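# Structural overview
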Protein chains: 2
Amino acid sequence: MSTQFWCERAWVDGTVADGVLLTCDDTGTLSGVETGISSAPAGAEVVPGLTLPGGVNAHSHAFHRILRGRTHGDGGTFWTWREVMYSVAAKLDPETYETVARAVFAEMLAGGYTSVGEFHYLHHAQDGTPYGTVPESGRPRGDAAASQLRSEPTNAREDESRPRGDAADEAAGSRAHAMERALARAAASAGIRIRLLDTCYLTGAIDAELSAEQARFGDGTIDGYMDRHTALSASFAEEFPVRAPGESYVHVGAAIHSIRAVPAANLPRFTELTGPVHVHLCEQPAENDACHAAYGTTPTQVLARSGVVGPNLSAVHATHLSEDDIAILGQSQASIVMCPATEADLADGIGPARELADAGAAIALGSDQHVVLDALRETQGLEAGERLRSGQRGRFSPAELISALTESGARSLELPVGSLEVGNACDFVALRTDSMRTFGSLDEQIILTATSADVRLTVSGGRVRVRDGVHAELGDIADLYAAAFAALGMEG
Amino acid sequence: MSTQFWCERAWVDGTVADGVLLTCDDTGTLSGVETGISSAPAGAEVVPGLTLPGGVNAHSHAFHRILRGRTHGDGGTFWTWREVMYSVAAKLDPETYETVARAVFAEMLAGGYTSVGEFHYLHHAQDGTPYGTVPESGRPRGDAAASQLRSEPTNAREDESRPRGDAADEAAGSRAHAMERALARAAASAGIRIRLLDTCYLTGAIDAELSAEQARFGDGTIDGYMDRHTALSASFAEEFPVRAPGESYVHVGAAIHSIRAVPAANLPRFTELTGPVHVHLCEQPAENDACHAAYGTTPTQVLARSGVVGPNLSAVHATHLSEDDIAILGQSQASIVMCPATEADLADGIGPARELADAGAAIALGSDQHVVLDALRETQGLEAGERLRSGQRGRFSPAELISALTESGARSLELPVGSLEVGNACDFVALRTDSMRTFGSLDEQIILTATSADVRLTVSGGRVRVRDGVHAELGDIADLYAAAFAALGMEG
């Protein structure tokens, strides 16, 4: 049984086509994409406005959404932000995180994204104990602070109003990978396609142990990470098997947190992995300074020497690069995930996106800490930053900007999405071309004028997920946040 | 007969107060502002969420809205933008401009603004003939191109579908100041408070005549400008008399287009005027270069030597300033109107807002070419730019950002608005604190997280103008744009 959508106009093969008929098979995969069809066939849903392939949010830390509007008191420094971030992280367990992530992923869909790369490092219980095990005496964790934390009940666990997971899950064995499964379930229930970027986080800084707050991020050693990652992949292959493009919502990938969090000697191990590898790169000048002090060169060159820079690598931020760094990333055809809204909020600066693209890198986009969850504004932020730093208009054409949001993101996450073509998942977003914001915008220039308020419809796997800002199955998205804040014991 | 609004929370005296009862007299002026009122009295309209004083848009060129989404083809340079801008300007006459401006002002209200400083220089017919007169033989205008333009009928005038003004206006005498009256009527009918900044524009560049496209901007000489400005002020005093704060929607002010468009020798004449004087200042480095070549110093210092830099001066953009310029503007307590969305779109750069504020200037905000019409996003753009150029978070506190949008704008335009206090106009905007975007934001930090999609209600003069994105009297705002584009003979 196939489903059809007749789009008034849609982005197909790098241009705006009129009268586009999308046919979606029963797996949610595109089986037909026809242009120039003058009217909707019987039974097809009519989609007015401009349809784009679903946006790909190539860099997300879902729980950071909870920080939105809570880190600017009296202005707010980076340290205000970090303090609030750790305090929220400490409240998360598998049940609360599933509740939080479901709301965030729903808002993401409403904002025009249908896929997400979740850069995930909250692997273990707050004291560092892996879910589904008892602490292993041999594991190198647990300073005094962590021991203290271990003995404290978390507020969230004491909150009776918090939604609970499946009771059967409470059995220790089935709680292995509980945080990862929480994210996967949240994505599947919201209807967003997730690449869970299972993150390696071993040191608090170069040659420094994890702090107590970071204990739950760590796997002790690179072998510890690789073992857990292998087990996670096997577990997910069973619980969330990858089938046809349209029906597969959960995929696993890997991430190196940063050059600060993984010793250079461990980096070559990431060449053993297939699939995408992401890494935070050069977000702040301090990272470059520390890297020079330890390794005598830039973070990019440390990665390159380790063999991990290639087409499957996505460098996130890439703000403070040397010319050599740009050449290395470009020549290797790496992906670059720019996160303009976050990079402004955290005062990171504006990275050399145009130069990276000219050198051969693919520029993708991410919402990172979700200061905004609006695929259009994030894309506009990429071009705005370029204009501000260069003094020139038109640094990326509208077509390049659409490509950054869609095709490049799909490439970064290695997902069968990002363009409306047969064999890809039937994931798309329909924008209003007749709102007070977009009225008068020409063709693809709407990428520079629309906002999430113009997202009429978000579809993934051929199913309408969000219509006019309301999630088709989960309902009002603010209500999902109300549940999430309640689960965390926080006032909204 | 008074009207009351009971606001769940509102910004009063620089902080968020609970239970604020606003009483508005029959002139639309606030006669009572009480905080800590636990519930709404009978008959008061309940306003949930967070109420802010209406945003002040201190720099607008209304017709530039028509360019939105039309200047980025293949990327788009500054010259693409300028070409499209002049082609739209050429289509405007009093009737079409009233139709355009009504739509723009309605969108402005929906975006959270209740006052606007309209920097207006389209004074005359396209060939430079003042409305309501026949061309004066002695006026210094009319090169060959302008003569050619003069003999061509405009497309807009031939368009039968275009809405016509009052038939009685067609009599030549009553068409004096027809463009200015069109803007004033548009503002009054939409319900936005306007300071019409009647702009002096004499030269196309320093020591260069106006081009044919600029003929309609010019008054020939400074005396020509001053005479027309005096006549305009007298005419408006009659047609739009200034009465109580709440019921007066139309106010006149002056503007010097820029150091490029008004000879330095003419600048001292602006000290004769009372009320606000605005000037475009240092938007592009090229202006500074030309000014140095002609006058041997910076535009700011040319203005200062002419005696026009003082508390009633608003410098718009102020992007490329020297340290001395910053000190001059600060010490004189000038206002600075930053236009972050436009300054990004036009690749102007990021001006030194924090340094100007520290030096003593008041930072206000403007949407300029209306790349976005969203008071919240424009305010967020000010702080984002500061963070990006400084590498520091929290450059302006949320309270300072709210003040920039409200009080500083009111100061720049010298309007009795900008704070919820007795004697000011009853102009306010109510924001949703429980949307998917704003849920969880603390207190005044909503200024950093809301967008125009969170504007539940915009009130001016105690009357609801926009509710949930729809204008109370004018209806769907996109429909107003449809009428405006039709009037211009343009496809939407």
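The sections below set out a description of the structure shown in this document. Only a predicted model underlies this, so the values are computations on that prediction, with no experimental measurement involved. (Residues numbered from 1 in each chain as written. Chains lettered and ligands numbered in written order. Predicted model: local features only at pLDDT ≥ 70, side-chain atom pairs only at ≥ 80, totals over all residues. Heavy atoms only, no water.)

## Here we look at the sheet that holds strand β1 (residues 3–12) of chain A
Residue and element names in this part refer to chain A. Read across the open sheet, the nine strands follow the order β3-β2-β1-β4-β13-β14-β15-β16-β17; overall the sheet is mixed. The sheet is open, and its two edges are formed by β3 (30–34) and β17 (475–476), each paired on a single side. Examined bridge by bridge, β1 and strand β2 (residues 15–24) share nine bridges and lie antiparallel to one another. Considered in β2, the bridge of F5 is made with L22. Contacts between helix α2 (residues 94–110) and the sheet are confined to β14 (455–460), β15 (463–467) and β16 (470–471), with β15 contributing the most and set at about 90° to the helix. (Pairing = 2+ DSSP bridges. Helix = DSSP H or I, 4+ residues; strand = E, 2+ residues; numbered from the N terminus. Contact = heavy atoms within 4.5 Å. Axes fitted to C-alpha atoms, helices over the stretch in contact; angles between N-to-C directions.)

## Side note on the sheet that holds strand β3 (residues 30–34) of chain B
All names here are of chain B. The strand order across the open sheet formed by nine strands is β3-β2-β1-β4-β13-β14-β15-β16-β17, and the pairing between neighbours is mixed. Every interior strand has two partners, whereas the edge strands, β3 and β17 (475–476), have only one. As paired elements, strand β4 (residues 45–53) and strand β13 (residues 428–431) share four bridges and run antiparallel to each other. Of the residues in β13, the one forming a bridge with P53 is F428. Lying on the sheet, helix α2 (residues 94–110) is in contact with β14 (455–460), β15 (463–467) and β16 (470–471); it crosses β15 at an angle near 90°.

## Comments concerning a negative patch on the surface
There is a patch of like negative charges on the surface, built from E8 and D434 of chain A together with D476 and D479 of chain B. Structurally, D434 of chain A is set in the loop between β13 (428–431) and β14. (Patch = residues over 30% accessible without salt bridge, like charges linked within 9 Å, V, L, I, M, F, W, Y side chains within 5 Å. Areas by Shrake-Rupley, 256 points an atom, 1.4 Å probe, with all protein chains shown as cover. Salt bridge = Lys/Arg side-chain N within 4 Å of Asp/Glu carboxyl O. Lys, Arg positive; Asp, Glu negative; His and termini not counted. Charge placed at Lys NZ, Arg CZ, Asp CG, Glu CD.)

## Focus on the interface of chain A and chain B
Taken together, the 54 residues of chain A in the interface contact 54 residues of chain B. Interface area for chain A against chain B, summed over the two sides, is near 4,400 Å², with a carbon-plus-sulfur share of 59%. Per-residue buried area on chain A facing chain B is highest for R393, M436 and F439 of chain A; these three make up 21% of the total on that side. There are four salt bridges connecting chain A and chain B. Measuring nitrogen to oxygen at the nearest pair gives 2.9 Å for the salt bridge that ties D345 of chain B to R393 of chain A. Looking at the side of chain A that touches chain B, the elements that each hand over two or more residues are α1 (78–89), α2, α10 (340–345), α12 (375–390) and α15 (477–487) of chain A. Partitioning the side of chain A that touches chain B into residue classes produces 21 nonpolar, 21 polar and twelve charged. (Buried area = accessible area lost by both parts, 1.4 Å probe. Nonpolar A, V, L, I, M, F, W, Y, C, P; charged D, E, K, R; others polar.)

## As for the environment of R216 of chain A
All names here are of chain A. Relative to the helices and strands, R216 is located in the loop between β7 (193–200) and α6 (222–239). A relative accessible area of 1% places R216 in the buried class. R216 sits 194 residues away from A410 along the chain, and the two C-alpha atoms are 30 Å apart. Of the polar contacts made by the side chain of R216, one reaches the backbone oxygen of L92; its length is 2.7 Å. A distance of 3.0 Å separates the side chain of R216 from the backbone oxygen of H124, its partner in a polar contact. (Buried < 20%, exposed > 50% of the residue type's maximum accessible area, 1.4 Å probe, protein only. Polar contact = N/O pair within 3.5 Å; in protein donor to acceptor, adjacent residues only side chain to side chain.)

## A few points about the relation of the copies chain A and chain B
Think of it as a corkscrew move, a rotation about one axis and a shift along it, taking one chain copy to the other. In screw terms, the move from chain A to chain B is a rotation of 180° and a rise of 0.0 Å along the axis, fitting with an RMSD of 0.0 Å. Given the turn and translation reported, the copies of this chain are related as if by a two-fold rotation axis. Residue A453 of chain A of chain A places its C-alpha closer to the rotation axis than any other residue of that unit, at 3.2 Å. Residue by residue, 100% of the interface of chain A is reproduced at the interface of chain B, so both copies engage with the same surface. (Least-squares fit on C-alpha atoms with pLDDT ≥ 70 in both.)

## Description of the pairing of β15 of chain A
Residue and element names in this part refer to chain A. As paired strands, β14 and β15 are joined by four bridges and run antiparallel to one another. Directly across from T458, in β15, lies its bridge partner V466. Adjacent in sequence and paired antiparallel, β14 and β15 are bridged by two residues, among which G461 carries a positive phi angle near 55°. With two bridges connecting them, β15 and β16 associate as antiparallel partners.

## Re the pattern of salt bridges
Residue and element names in this part refer to chain B. Throughout the structure, instances matching the rule amount to 57 salt bridges over all chains. The salt bridge partner of R9 is D18, with a shortest N-O separation of 3.2 Å. Look at R9 and you get partly exposed, because its relative accessible area is 27%. Residue D18 is classed as partly exposed on the basis of its relative accessible area, which comes to 48%. Note that R395 and E355 form a salt bridge whose closest N and O atoms lie 4.0 Å from each other. Taken together, the residues R395 in the loop between α12 (375–390) and α13 (398–405) and E355 in helix α11 (residues 353–359) connect sequence positions 40 residues apart. According to the relative accessible area criterion, R395 is buried, its value standing at 15%.

## Quick word on the packing of aromatic side chains
Counted under the stated rule, the structure contains 22 aromatic pairs over all chains. Look at Y225 of chain B and F270 of chain B: their rings are 5.6 Å apart centre to centre, the planes differ by 35°, and that puts the pair in the tilted class. One end of the pair, Y225 of chain B, is in helix α6 (residues 222–239); the other, F270 of chain B, is in the loop between β8 (250–256) and β9 (277–281), with 45 residues separating them in the sequence. As far as burial versus exposure is concerned, Y225 of chain B and F270 of chain B are alike and both buried. Feature note: the residues Y86, Y121, Y201 and F217 of chain A constitute an aromatic cluster, connected by ring pairs. (Phe/Tyr/Trp six-rings, centres within 6.5 Å; stacked < 30°, edge-to-face > 60°.)

## A short note on helix α15 (residues 477–487) of chain B
Owing to its 3.6 residues per turn, the α-helix aligns residues three or four sequence positions apart on the same side. All names here are of chain B. Among the residues of α15, those classed as buried are I477, A478, L480, Y481, A484, F485 and A487. One side-chain oxygen at the N-terminal end of α15 lies 2.9 Å from the backbone nitrogen of A478; it belongs to D476. Looking one or two places after α15, you find G489, whose phi comes out positive at around 70°.

## Things to note about the packing of α2 of chain A against helix α5 (residues 178–190) of chain A
Residues and elements named next belong to chain A. Interaxial distance between α2 and α5 falls to 8 Å at its minimum, and their mutual angle equals 35°. In this structure, α2 meets α5 at a crossing whose hand is right-handed. Mapping the contact onto sequence places P94, Y97, E98, A101, R102, F105, A106 and L109 in α2 and A178, M179, A182, L183, R185, A186, A187, S189 and A190 in α5. Taken together, the residues of the contact of α2 with α5 sort by class into 13 nonpolar, one polar and three charged. (Left-handed = near helix turned anticlockwise from the far one by under 90°.)

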